[in-house]
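# Tertiary structure, described
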Amino acid sequence: MSGAPGPKNMIKDKHFVDHHRTALIDRVSQVEPLLDRLLDKGIITQNAYSEVRANRTNQKKMRELFDGPLKACGPKGKDIFLDILMDLEPFLISHLKGE
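Residues numbered from 1 in each chain as written. Predicted model: local features only at pLDDT ≥ 70, side-chain atom pairs only at ≥ 80, totals over all residues. Heavy atoms only, no water.

## Thoughts on the packing of helix H3 (residues 31-40) against helix H4 (residues 46-53)
Counted only if it meets this: To obtain each axis, a line is fitted to C-alpha atoms, and for helices this fit is confined to the stretch in contact; angles are then taken between N-to-C directions over 0 to 180 degrees. Runs of E in the DSSP output that reach at least two residues are strands. Runs of H or I that reach at least four are helices, and both are numbered from the N terminus. Roughly parallel means an angle under 35 degrees; roughly antiparallel means over 145; roughly perpendicular covers 65 to 115; every other angle is labelled oblique. Residues count as neighbours in contact if any of their non-hydrogen atoms are within 4.5 Å of one another. Following the grouping adopted for this structure description, the nonpolar residues are Ala, Val, Leu, Ile, Met, Phe, Trp, Tyr, Cys and Pro, the charged ones are Asp, Glu, Lys and Arg, and the polar ones are all others, Gly among them.
The interhelical angle for the contact between H3 and H4, taken along N-to-C directions, is 170 degrees, at an axis separation of 10 Å. Considering their axes alone, H3 and H4 lie roughly antiparallel with respect to each other. Counted together, Glu-32, Leu-35, Asp-36 and Leu-39 of H3 and Gln-46, Tyr-49, Val-52 and Arg-53 of H4 form the full contact between these two elements. Tallied by class, residues from the contact of H3 with H4 come to 4 nonpolar, 1 polar and 3 charged.

This is the structure in structure tokens:
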């Protein structure tokens with residue numbers, strides 16, 4: 001895992017996931033497996049998991065995730081979130097990184 005946010009996870013003093021917030025909200029399709037892994041890693045609580053899952057669309061789920069748990073988890077939590085996204089959505093993350 002990543003630990004402290006290194007330069008590879010920072011863009012213009014913003015974490016990669018914050019910098020690409022809109023694209024991630026619009027384009028992440030594996031939201032349910034993402035939530036499962038975030039819960040397993042302790043990044044979100046069972047209550048937050050249930051609240052996010054209650055939304056009807058993937059975009060609303062991702063927006064709820066960004067506005068709540070991801071805002072509170074800090075850089076280390078965002079690093080774990082990014083690691084999970086790299087596993088679940090490798091082509092999207094590579095595209096956003098310009099690879």
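## Side note on the environment of Gln-59
Condition: Using a 1.4 Å probe on the protein chains alone, a residue whose accessible area is under 20% of its type maximum counts as buried, one over 50% counts as exposed, and one in between counts as partly exposed.
Take Gln-59: it is sitting in helix H5 (residues 58-67). For Gln-59, a relative accessible area of 32% translates into the label partly exposed. As for Gln-59 and Ser-29, which are separated by 30 residues in sequence, their C-alpha atoms are 8.8 Å apart. Here Gln-59 is in contact with Ile-25 and Asp-26, once residues within four sequence places are set aside.

## Things to note about the packing of aromatic side chains
Selection criterion: Think of it this way: a Phe, Tyr or Trp ring, Trp meaning its six-membered ring, pairs with another when their centres are within 6.5 Å, and the plane angle makes it stacked under 30 degrees, edge-to-face over 60, tilted otherwise. Any Lys NZ or Arg CZ found within 6 Å of a ring centre and within 35 degrees of that ring's normal is scored as a charge over the ring.
Taken as a whole and assessed by the stated rule, the structure comprises 1 aromatic pair. For the ring pair Phe-66 and Phe-81, a centre distance of 5.9 Å and an interplane angle of 85 degrees mean the geometry is edge-to-face. Of this pair, Phe-66 sits in helix H5 while Phe-81 sits in helix H6 (residues 69-88), and the two are 15 residues apart along the sequence. For the pair shown, Phe-66 and Phe-81 are each scored as buried. Cation over ring: Lys-97 sits above Phe-16, and NZ or CZ is 6.0 Å from the ring centre.

## Notes on the nonpolar core
Heads up, the rule is: Nine residue types can take part in a nonpolar core, namely buried Ala, Val, Leu, Ile, Met, Phe, Trp, Tyr and Cys, and a core is a set of them joined through side-chain atoms within 4.5 Å.
Leu-24, Leu-34, Met-62, Leu-65 and Phe-81 are the most contacted members of the largest nonpolar core, which has 28 residues in total. Mapped onto this core, the elements with two or more residues apiece are helix H1 (16-19), helix H2 (21-27), H3, H4, H5, H6 and helix H7 (90-97). Per element, the largest residue contribution to this core is 7 residues, and it comes from H6.

## Digging into the UniProt feature "domain: CARD" (unreviewed entry) in the protein
Spelled out, the test is: UniProt positions are given in the numbering used here, feature names are shortened, and annotations may be inferred rather than shown by experiment.
UniProt feature "domain: CARD" (unreviewed entry): in the numbering of this structure it lies at residues 14-99. Counting secondary structure, residues 14-99 comes out at 78% helix and 2% strand; the distance between its end C-alpha atoms is 19 Å.

## Focus: H7
Here is the rule we go by: Working note: the arc is built from the helix axis to C-beta atom directions.
Listed in full, the buried residues belonging to H7 are Leu-92, Ile-93 and Leu-96. Taken around the axis of H7, the buried residues stretch over an arc of 95 degrees, which confines them to a single face. In this structure, H7 carries Phe-91 and His-95 as exposed residues pointing more than 90 degrees from its buried face. Gly-98 sits one or two residues past H7 and shows a positive phi near 80 degrees.

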